[in-house]
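Residue-level listing of the chains:
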Amino acid sequence: MGHQNFSSLNYLAEYVIRICVVLTFIPLFGFYGIVASYYTSNVFGNCNRLRKALKISNLRFRFGKLVGKPLFAVIFAFTVAAIPQTIHAPLKTSIAGMILYLLLAVGLYGAVLWLLRENRQGRSLRTALL
């Protein structure tokens, strides 16, 4: 996109953040300090890249569409998929139960996102029904 300077500065800022968090949090939390450093630098860098891409493409950030719908879908899917394990406890520890849980959760996630999708006119299924 012709924005190499932005990209270089963004990666430099990510590394500075990562090093600062590592130096601060490893003495306090051990291994979790490394996890925190990767998390903070990746969140910073990805949010910055998203902001820049939206600015360059003149698109609007739609929180509900980009964050709200997937977050709702994942919470709903993994909560509903846990119901069989709650009812029948041995499913939690068996390989078949874990596979069932994962397949059910992924299927529900896809179904919820499919139901919440927008049609060609930009309306969601919920809006079309009302």
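Below you will find a few notes about this structure. (Residues numbered from 1 in each chain as written. Predicted model: local features only at pLDDT ≥ 70, side-chain atom pairs only at ≥ 80, totals over all residues. Heavy atoms only, no water.)

## Some remarks on the packing of helix α3 (residues 63-81) against helix α5 (residues 95-115)
Phase 1 of the analysis: For the pair α3 and α5, the least separation of the axes is 8 Å and the interaxial angle reads 145 degrees. The two elements α3 and α5 meet at a crossing, and its hand is right-handed. Listed contacts from α5 to Lys 69, Pro 70, Phe 72, Ala 73, Val 74, Phe 76, Ala 77, Phe 78, Val 80 and Ala 81 of α3 are Tyr 101, Leu 104, Ala 105, Leu 108, Tyr 109, Val 112 and Leu 113.
Phase 2 of the analysis: Here the residues of the contact of α3 with α5 sort into 16 nonpolar, no polar and one charged. (Axes fitted to C-alpha atoms, helices over the stretch in contact; angles between N-to-C directions. Helix = DSSP H or I, 4+ residues; strand = E, 2+ residues; numbered from the N terminus. Left-handed = near helix turned anticlockwise from the far one by under 90°. Contact = heavy atoms within 4.5 Å. Nonpolar A, V, L, I, M, F, W, Y, C, P; charged D, E, K, R; others polar.)

## What about helix α2 (residues 31-57)?
Phase 1 of the analysis: Here α2 contains 27 residues, and its C-alpha end-to-end distance of 39 Å stays within 8% of the 39 Å for a straight helix at 1.5 Å per residue.
Phase 2 of the analysis: For α2, the set of buried residues is Gly 33, Ser 37, Ser 41, Gly 45, Asn 48, Lys 52 and Leu 54.
Phase 3 of the analysis: The inward-facing, buried residues of α2 contact α1 (4-29).
Phase 4 of the analysis: With its phi angle positive at about 55 degrees, Asn 58 sits one or two positions after the end of α2. (Expected span 1.5 Å × (residues − 1). Buried < 20%, exposed > 50% of the residue type's maximum accessible area, 1.4 Å probe, protein only.)

## Here we look at the pattern of salt bridges
Two side chains with opposite charge may pair up if their charged atoms get near one another.
Phase 1 of the analysis: With the rule as written, the count across this model stands at one salt bridge.
Phase 2 of the analysis: A salt bridge links Glu 14 to Arg 49; the nearest nitrogen and oxygen atoms lie 2.8 Å apart. On the criterion of sequence distance, the pair formed by Glu 14 in helix α1 and Arg 49 in helix α2 is long-range, its members being 35 residues apart.
Phase 3 of the analysis: Arg 49 gets classed as partly exposed once you look at its relative accessible area, which sits at 27%. (Salt bridge = Lys/Arg side-chain N within 4 Å of Asp/Glu carboxyl O.)

## Some words on the environment of Leu 108
Phase 1 of the analysis: Note that Leu 108 resides in helix α5.
Phase 2 of the analysis: Along the primary structure Leu 108 and Phe 76 are separated by 32 residues, whereas in three dimensions their C-alpha atoms are 8.0 Å apart.
Phase 3 of the analysis: With near-sequence residues (within four places) excluded, Leu 108 lies in contact with Ala 77, Val 80 and Ala 81.

## A look at the packing of aromatic side chains
Phase 1 of the analysis: For the coordinates displayed, the defined rule picks out four aromatic pairs.
Phase 2 of the analysis: With 6.0 Å between their ring centres and 65 degrees between their planes, Phe 31 and Tyr 32 make a pair best called edge-to-face. By the burial criterion, Phe 31 is exposed, and Tyr 32 matches it.
Phase 3 of the analysis: Seen from their ring centres, Phe 72 and Phe 76 are 6.0 Å apart, and the 20 degrees between their planes marks the pair as stacked. Of this pair, Phe 72 and Phe 76 both sit in helix α3, separated by four residues, roughly a single helical turn.
Phase 4 of the analysis: Relative accessible area serves as the criterion here: at 49%, Phe 72 is assigned to the partly exposed category.
Phase 5 of the analysis: The positively charged end of Lys 52 is found above the aromatic ring belonging to Phe 6, 5.3 Å away from the centroid.
Phase 6 of the analysis: If you follow Arg 117 out to its NZ or CZ, it ends over the ring of Trp 114, 4.0 Å from the centre. (Phe/Tyr/Trp six-rings, centres within 6.5 Å; stacked < 30°, edge-to-face > 60°. Lys NZ or Arg CZ within 6 Å of the ring centre and 35° of its normal.)

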